[in-house]
Amino acid sequence: MAPISQPASAAVPGVKKQEVSLYQFFAPGGVLSRTHPAYEFRRGQLQMAQSVEQALEEKRHLIVEAGTGTGKTLAYLVPVIRSGKRVIISTGTKNLQEQLFHKDIPFLEQALFPDGAGRLNVCYMKGRNNYLCRKKLYDLTGQLVLSGLEEIEHYRAIAAWEKTTQSGDRAELAELPEASALWHKIDARSDACIGQKCSSWDKCFITEMHRRAMESDIIIVNHHLFFADLSIKQQAEYAPDAGIFPEVGAVIFDEAHELEDVAGSYFGVSVSNGRVEELCRDVEASLQRNHMLSASFSGALKSLRERAMFFFALLPQGEGRFSFENRRDFLEENGDEFMALQQSFTRLGSELENLPSKPEEVFNFARRAQELQVQFGFLMESEDPNTVFWIERRRGGRDKFNVYLQATPIDVAPILKTCLFDKLDCAVLTSATLAVGGGFEYMRRRLGLEHTRESVLPSHFDYENQALFYVPPDLPDPRTPQFAAKAADRIRRLLEITRGRAFVLFTSYAQMNDVYQRLLGELDFPMLLQGDAPKSALLEEFRLTPNAVLFATSSFWQGVDVQGEQLSCVIIDRLPFAVPSDPVVAARVKSIDAEGGNAFFQYQVPAAVITLKQGFGRLIRSLHDRGLLALLDNRILKKAYGRVFVESLPNYRKTTELGVVEEWFRVGPGEHGESA
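The rules behind each value
Residues numbered from 1 in each chain as written. Predicted model: local features only at pLDDT ≥ 70, side-chain atom pairs only at ≥ 80, totals over all residues. Heavy atoms only, no water. Helix = DSSP H or I, 4+ residues; strand = E, 2+ residues; numbered from the N terminus. Polar contact = N/O pair within 3.5 Å; in protein donor to acceptor, adjacent residues only side chain to side chain. pLDDT = per-residue confidence, 0-100. Contact = heavy atoms within 4.5 Å. Expected span 1.5 Å × (residues − 1). Buried < 20%, exposed > 50% of the residue type's maximum accessible area, 1.4 Å probe, protein only. Pairing = 2+ DSSP bridges. Axes fitted to C-alpha atoms, helices over the stretch in contact; angles between N-to-C directions. Arc of directions from axis to C-beta. Phe/Tyr/Trp six-rings, centres within 6.5 Å; stacked < 30°, edge-to-face > 60°. Parallel < 35°, antiparallel > 145°, perpendicular 65-115°, else oblique. Left-handed = near helix turned anticlockwise from the far one by under 90°. Nonpolar A, V, L, I, M, F, W, Y, C, P; charged D, E, K, R; others polar. Core = buried A, V, L, I, M, F, W, Y, C linked by side-chain atoms within 4.5 Å.

Topic: the side chain of Lys233
Residue placement: Lys233 occurs in helix 10 (residues 223-235). A distance of 2.9 Å separates a polar atom in the side chain of Lys233 from a polar atom in the side chain of Asp229. Reaching out from Lys233, the side chain makes a polar contact with the backbone oxygen of Phe245 at a distance of 3.3 Å.

In structure tokens:
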């Protein structure tokens, strides 16, 4: 495997990248038809490439919905290569990053430059916690505080791999489990990074990744890394050396329907009991290693741990995510405890400052302590009207709770407008699901996009003959207690017709588990349940198991690709409205309504439309796929807003009758009569 942040090949200066026109590349008889084994002319692909080229030339933003099967990665890569500009491509998933770097770009290099001239410099970057920190590994070697045989085994495997790896990317370590506790101790996250003063700076994988980025024409990142970098630049007020990405001529956002949520998390603030404990642990380990742990230091650490534990225990109780609107009352009652916590940070900072001949990492600990103190101050005392403050409790191991105190912007549009879109010459936003009712008003408003070219491209698929959309008119409202039993019955009936081969997707874990339990022992098909194994393992098992049925929630609604008969049915339990009690959703609804808008139609319905399009998009992934889409929520037929959903979906054949569903699976494509 090529090193991940390595150029796909060395650039050859002075070679023109514009020799082939877009038409000559994509049209029948063109370059693509001669070089791609599965070539089909896709009108939407050529139209999208022309729109992207125009946006790059005119320095205009572009928003384009390109349905599954358009071939959109090649449609933006070819104009990017022809432009000669340095461009960042930001994706929603690591899978798409890997596809671009290992498959699409090498294919295009071969197709555009068969003689090897004019190749591209390309690098692919992930977040720092995906990379090994050599200094941490070497420090661990000296003091081997590993818990259990498994960790010792993982340590040996990583130590051997470190000697040969070019990239330091943990993706190369197939045998390392996703939840490895050891990796967290030796990854390159910025908390413990001391930069150029580090003894391993010259051999650092992060340094190498930055160097590659500076030399690259195309930099492939994911949305999380992009917005982490943007928030660093914003905090540093765009100082020349802030952030890790070089200046670029344009940014392509693929899977752009995720931008609001990702941006919100990076422009917000979050502290947790785990973060405070991690700081204490790191300080303690470093001081012990350097024989500098004095009684007064131990006292400062003990005080910070106790004060933090006490403060987090005082926070309002509740499981999951809930709003923290009464911060003022809380501080009136518990202000002394909050001040005591803040003083513990000050005390630790003073102890660190007073250390004689400090090791370099101590400066970093002082910065982290101060950052936490400032963030606690903001979270408890800020009156910013565009921020919602909330708490989340997540269950950790051994009956432990991790408590997060969070602040999220209610509206990211003004932030994105000033920090991103006003500063960029050209941004291209694309996804299979961006339009609502055929237009982009919702996305433009949520993201702060102005003066934008827009395009909804025709699909390459024949949805009317490939997909049947079934809504049962007789089921009860999904919000009633009778729904689960009736829905389970109908799911069983549908799965008998489709012979399994289905995703059954739910909007909540509770509903998923309820229906799964009701059907256990009732179905003759292998049943897989989200949570029983990692996502990738479940997908692999689904692909390899004939007639399997996978019960899953949100993480399987998007970015999952199963082609062929193995997936012939997608059943969705209800219209995927966001949970109205979620603190961020509730704050956004309240804010839109307070400004005289209608949050239900401007925010809740469009967001649910895009999620539904994502879920249904799992079914038809190629021209040969065929199957059933079932939505068990007949509000789509009965409520006025249902029309927005129907008009936003592709032109599926529609029915409300089970008989038509049976007929659809009894006969082959193109043979069935009219449906309801």
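Read on, since the account is not over.
Comments concerning the confidence of the model for the chain
Mean pLDDT over the chain stands at 88; residues scoring 70 or higher make up 93%. Below a pLDDT of 50 lies the segment residues 1-17, which in the model reaches 48 contacts outside its immediate sequence neighbourhood of four places, other chains included. The low-confidence segment residues 670-676, where pLDDT is below 50, has 16 contacts with residues more than four positions distant or belonging to other chains.

As for helix 4 (residues 72-83)
Given a rise of 1.5 Å per residue, 12 residues ought to cover 16 Å, and the 17 Å separating the end C-alpha atoms of helix 4 matches this to within 8%. Burial within helix 4 is extensive, with 11 of its 12 residues counted as buried. Residues of helix 4 that are buried: Lys72, Thr73, Leu74, Ala75, Tyr76, Leu77, Val78, Pro79, Val80, Ile81 and Arg82. The first or second residue beyond helix 4 is Gly84, which carries a positive phi of 70 degrees.

Looking at the pairing of strand 2 (residues 87-91)
Burial within strand 2 is extensive, with five of its five residues counted as buried. Here strand 2 shows two buried faces, one formed by Val87, Ile89 and Thr91 and the other by Ile88 and Ser90. Relative to strand 4 (residues 218-222), strand 2 runs parallel, the two sharing five bridges. Among the inter-strand pairings, Ser90 is bridged to a residue of strand 4, identified as Val221.

With respect to the sheet that holds strand 14 (residues 527-529)
Across the sheet, which stays open at both edges, the seven strands sit in the order 14-15-13-16-17-12-18 with parallel pairing between neighbours. Pairing within the sheet leaves two strands with one partner each, and these edge strands are strand 14 and strand 18 (653-655). When the angles between neighbouring strand axes are averaged without regard to direction, this sheet yields 15 degrees. Sheet topology places strand 16 (residues 569-572) next to strand 17 (residues 627-631); four bridges connect them, and they run parallel. Opposite Ile572, over in strand 17, you have Leu631 as the bridge partner. On top of the sheet, helix 21 (residues 535-544) reaches strand 13 (502-505), strand 14 and strand 15 (549-552); it is set at about 165 degrees to strand 14, its chief contact. Contacts from helix 26 (residues 658-666) reach strand 12 (467-470), strand 17 and strand 18, with the element oriented near 160 degrees to strand 12.

Details of helix 20 (residues 509-519)
Those residues of helix 20 not exposed but buried are Gln511, Met512, Val515, Tyr516 and Leu519. Viewed along the axis of helix 20, the buried residues span an arc of 125 degrees, placing them on a single side of the element. Turned more than 90 degrees away from the buried face of helix 20 sit Ala510 and Gln517, all of them exposed. Each element contacted by the buried residues of helix 20 is listed here: helix 19 (483-498), strand 14 and strand 15.

Topic: the packing of aromatic side chains
Scanning the model with the defined rule gives 30 aromatic pairs in all. Consider the rings of Phe345 and Phe376, whose centres lie 5.7 Å apart with planes at 35 degrees: the pair is tilted. Placement of Phe345 in helix 14 (residues 327-353) and of Phe376 in helix 15 (residues 361-381) is noted, with a sequence separation of 31 residues between them. We classify Phe376 as buried; its relative accessible area is 0%.

Quick word on the packing of helix 13 (residues 295-314) against helix 14
Where helix 13 meets helix 14, the closest approach of the two axes is 9 Å, and the angle between their N-to-C directions is 155 degrees. Of the possible angle classes, the one that applies to helix 13 and helix 14 is roughly antiparallel. Once helix 13 is placed against helix 14, the crossing between them reads as left-handed. Only Phe330, Asn334, Glu337, Phe338, Ala340, Leu341, Ser344, Phe345, Arg347, Leu348, Glu351 and Leu352 of helix 14 make contact with helix 13, whose side of the interface consists of Ser296, Phe297, Gly299, Ala300, Leu301, Ser303, Leu304, Arg307, Ala308, Phe310, Phe311 and Leu314. In terms of residue class, the contact of helix 13 with helix 14 is built from 15 nonpolar, five polar and four charged.

Overview of unusual backbone geometry
Of note, the phi angle at Ser357 is positive, near 35 degrees, even though the residue is not glycine. With respect to the element layout, Ser357 can be found in the loop between helix 14 and helix 15. Exposure remark for Ser357: the relative accessible area of 69% places this residue in the exposed category. A positive phi is found at His451, a non-glycine position, where the angle reads about 50 degrees. Mapped onto the secondary structure, His451 falls in the loop between helix 17 (441-447) and strand 11 (452-456). The exposed category is assigned to His451, whose relative accessible area is 65%.

A word on the nonpolar core
With 84 residues, the main nonpolar core has Met125, Phe226, Phe227, Phe253, Leu429, Phe503 and Phe616 as its most contacted residues. Considering every element that reaches this core, the biggest residue donor is helix 23 (residues 599-616), with eight residues. Other than its neighbours up to four places away in sequence, Phe253 contacts Ser90, His223, Phe226, Phe227, Leu259, Leu420, Ala427, Val428, Leu429 and Thr430. Leu46, Val52, Leu62 and Phe113 belong to the second-largest nonpolar core, a separate cluster that totals 42 residues.

Points about the packing of helix 22 (residues 583-594) against helix 23
Here helix 22 crosses helix 23 at 150 degrees, and the two axes come no closer than 9 Å. With respect to helix 23, the element helix 22 is oriented roughly antiparallel. In this structure, helix 22 meets helix 23 at a crossing whose hand is right-handed. Together, Val585, Arg588, Val589, Ile592 and Asp593 of helix 22 and Ala599, Gln602, Tyr603 and Gln604 of helix 23 make up the contact between the two elements. Residue composition of the contact of helix 22 with helix 23, grouped by class: five nonpolar, two polar and two charged.

Some points on the sheet that holds strand 6 (residues 269-272)
Reading across the sheet, the four strands line up as 6-9-8-7 and stay open at both edges, with antiparallel pairing between neighbours. Each edge of the open sheet is held by one strand with a lone partner, namely strand 6 and strand 7 (320-323). Taking the axes of each pair of neighbouring strands and ignoring which way they run, one obtains an average angle of 20 degrees across the sheet. Pairing geometry for strand 6 and strand 9 (residues 401-409), over four bridges, is antiparallel. Across the sheet, the residue bridging to Val269 is Ala407, located in strand 9. Relative to strand 6, helix 12 (residues 273-289) is tilted by about 65 degrees, and along the sheet it contacts strand 6 and strand 9. Sitting on the sheet, helix 22 is in contact with strand 7, strand 8 (387-395) and strand 9, with an inclination near 160 degrees to strand 8.

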